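Here is what each chain is made of, one letter per residue.
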Amino acid sequence: MDVKAFISEQIEFIRKTVGEAGALSALSGGVDSSTCTLLAWRAIGPRLKVVFIDDGLMREGEPQQVKSTFASLGIPVEIVEAQADFFKALAGLVDPEEKRKAFREAFYTTLGRLIRESGVKFLIQGTIAADIIETRGGIKTQHNILEQIGIDPELSFGFKVIEPLKTLFKHEVREVARELGLPEAILKRMPFPGPGLAARILGEVTPERAAIVRRATQIVEEEVSPFQPFQAFAVLLADKGTGVEKGQRKFGDIVIIRSVESRDAMTAEPSLLPWEVLMRITRRIIEEIPSVARVAYELTPKPPATIEFI
Ligand code: XMP
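Just so we're clear, the structure is a prediction, and the values are computed from it rather than from any experiment. (Residues numbered from 1 in each chain as written. Predicted model: local features only at pLDDT ≥ 70, side-chain atom pairs only at ≥ 80, totals over all residues. Heavy atoms only, no water.)

Help me out: how do you make sense of the pairing of strand 2 (residues 48–54) in this one?
In regular strands, side chains alternate between the two faces of the sheet. With 6 of its 7 residues buried, strand 2 lies for the most part within the structure. Relative to strand 2, strand 1 (residues 23–26) is paired through 4 bridges, and the arrangement is parallel. Paired with Ser-25 across the strands is Val-50, a residue of strand 2. The β-α-β motif built from strand 1, the intervening helix 2 (residues 31–44) and the parallel element strand 2 has right-handed crossover chirality. Judged from the 5 bridges that link them, strand 2 and strand 3 (residues 77–81) form a sheet pairing that is parallel. Paired with Ile-53 across the bridge in strand 3 is Val-80. (Buried < 20%, exposed > 50% of the residue type's maximum accessible area, 1.4 Å probe, protein only. Helix = DSSP H or I, 4+ residues; strand = E, 2+ residues; numbered from the N terminus. Pairing = 2+ DSSP bridges. Right-handed = clockwise from strand over helix to strand, strands pointing away.)

So this is what it looks like as structure tokens:
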């Protein structure tokens, strides 16, 4: 891929398509949406409104980190507090695809409202090739593929979608991001799914359960950071297991540690993390998160498993 040519073609395309109308970018702080936002900002400058929807399912400190990173690039980001809407949409749901659909609906309802309020006519979205392939292949419903689920955003919400990265795979997006000068802090970020921590919570998604998986993920990320795996995180199971705490029986949460190596997320192998690191993560999760009784390490490659648990 000729990265420089790709960038100038996309900037030109966005500039011509959006014209004077203005566009909105929903930044998540991941490489895809960050790269997309940078491309669009280069194309139309402040006619791009950048929002970060805080759905309550982000990693620890993520909204503020993203805002300050983009502020250092001269791009203002508005944080939209939508936690209550997302938890309400997800309440009572346990089926993975139902959770994904509820998340997606909450996402587009919020976005639709933001677009109407700001009066722009375009949404810039960081969909990449793997999202489209996997959704078309029926593997799972990614939150950001509208065509597949029969939503026409122009009819339903009154805006058009521009997806500058839809022909690229993750490693190519990283090349574009590097060329655009995206800070290392974001470039090196592990991929994070659109539905956020909801993709890592089996059973009902509640603020309390999100807090458990958020804290466990923070511990995993801290401990694996010297090894730079493609993706590493914690998952909260719906079931519980017996443990012992201070001589008392405890029937507590089960957390799975997942760490994988991959190039494009289409296939993946479990990371060969040193045993001491896995033991340290386990000890910390048990000690630092009182509700957890057991921790396990996931060994299934993709395929047959997917990287995320829902
Ligand atoms: P799976 O679980 O399908 O994940 O093996 C492949 C890669 O995609 C990420 N992922 C998502 N990203 N919206 C996204 O933007 C989603 O709904 C979604 N589901 C999974 C996942 O983290 C992995 O990197």
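Additional details are given in the paragraphs that follow.
What am I meant to see in the packing of aromatic side chains here?
A ring pair, where both rings are aromatic, is described by two values, the distance of the centres and the angle of the planes. Taken as a whole, this structure holds 3 aromatic pairs when the rule is applied. Each ring, one from Phe-103 and one from Phe-107, has its centre 6.4 Å from the other, and the planes form 15 degrees; the classification is stacked. With Phe-103 and Phe-107 both in helix 5 (residues 96–118) and 4 residues apart, this pair spans about one turn of that helix. Summarising the burial analysis for this pair, Phe-103 and Phe-107 share the class buried. Consider the rings of Phe-107 and Tyr-108, whose centres lie 5.2 Å apart with planes at 90 degrees: the pair is edge-to-face. The pair formed by Phe-107 and Tyr-108 is uniform in burial state, with each residue classed as buried. The structure contains a cluster of three or more aromatic residues connected by ring pairs, namely Phe-86, Phe-103, Phe-107 and Tyr-108. Directly above the aromatic system of Phe-233 lies the positively charged group of Arg-200, at a separation of 3.8 Å from the ring centroid. (Phe/Tyr/Trp six-rings, centres within 6.5 Å; stacked < 30°, edge-to-face > 60°. Lys NZ or Arg CZ within 6 Å of the ring centre and 35° of its normal.)

Explain the sheet that holds strand 1 here, please?
Strand-to-strand pairing in sheets goes through backbone hydrogen bonds, with the strands running parallel or antiparallel. Read from one edge to the other, the open sheet built from 5 strands follows the order 3-2-1-4-5, with strand pairing classed as parallel. Because the sheet does not close on itself, it has two edges, and the strands there are strand 3 and strand 5 (160–162). On average, each strand axis in the sheet is inclined to that of its neighbour by 30 degrees, with strand direction left out of account. Relative to strand 5, strand 4 (residues 122–124) runs parallel, the two sharing 3 bridges. For Leu-123, the partnering residue across the bridge sits in strand 5 and is Val-161. The strands touched by helix 2 within the sheet are strand 1, strand 2 and strand 4, with strand 2 carrying the most contacts at an inclination of about 160 degrees. Contacts between helix 3 (residues 62–72) and the sheet are confined to strand 2 and strand 3, with strand 3 contributing the most and set at about 165 degrees to the helix. (Axes fitted to C-alpha atoms, helices over the stretch in contact; angles between N-to-C directions. Contact = heavy atoms within 4.5 Å.)

In this structure, what is going on with the pattern of salt bridges? I would like to understand it.
Charged atoms that come close allow side chains of opposite charge to pair. This structure, assessed with the given rule, holds 17 salt bridges. The salt bridge involving Lys-49 is made with Glu-78; its shortest N-O contact spans 2.7 Å. A residue pair is termed long-range when its members are at least 10 positions apart, and Lys-49 in strand 2 and Glu-78 in strand 3 qualify at 29 residues. Classification of Glu-78 as partly exposed rests on a relative accessible area of 38%. Here the salt bridges do not stand alone but share partners, grouping Arg-215, Glu-222, Glu-223, Arg-280, Arg-284 and Glu-288 into one network. (Salt bridge = Lys/Arg side-chain N within 4 Å of Asp/Glu carboxyl O.)

Explain helix 4 (residues 83–90) here, please?
Each turn of an α-helix holds 3.6 residues, which means side chains three or four residues apart point in the same direction. Of all the positions in helix 4, only Phe-86, Phe-87 and Leu-90 are classed as buried. An end-on view of helix 4 places all buried positions within 95 degrees of arc, on one side of the element. Across from the buried face of helix 4, at angles greater than 90 degrees, the exposed residues are Ala-84 and Lys-88. Packing partners of the buried residues in helix 4 comprise strand 2, helix 5 and helix 10 (207–224). Following helix 4 by one or two positions, Gly-92 has its phi on the positive side, about 85 degrees. (Arc of directions from axis to C-beta.)

I keep staring at the nonpolar core and nothing clicks. Help me out?
Nonpolar side chains tend to gather and get buried jointly when the protein is soluble and globular. Core analysis: the largest hydrophobic core is formed by 47 residues, its most contacted members being Leu-57 and Ile-285. Dropping the residues within four chain positions of it, Ile-285 is found in contact with Ala-216, Ile-219, Val-220, Val-255, Val-292 and Val-295. (Core = buried A, V, L, I, M, F, W, Y, C linked by side-chain atoms within 4.5 Å.)

What's the story with helix 3 in this structure? I'm lost.
Within the sequence span of helix 3, burial applies to Glu-62, Pro-63, Val-66, Thr-69 and Phe-70. All buried residues of helix 3 project into a common sector of 135 degrees when viewed along the axis, lining one side. Every exposed residue of helix 3 that faces more than 90 degrees away from the buried side is listed here: Gln-64 and Ser-72. In the core, the buried residues of helix 3 are packed alongside helix 2, strand 2, strand 3 and helix 9 (184–187). Positive phi shows up at Gly-74, right after helix 3, with a value of about 80 degrees.

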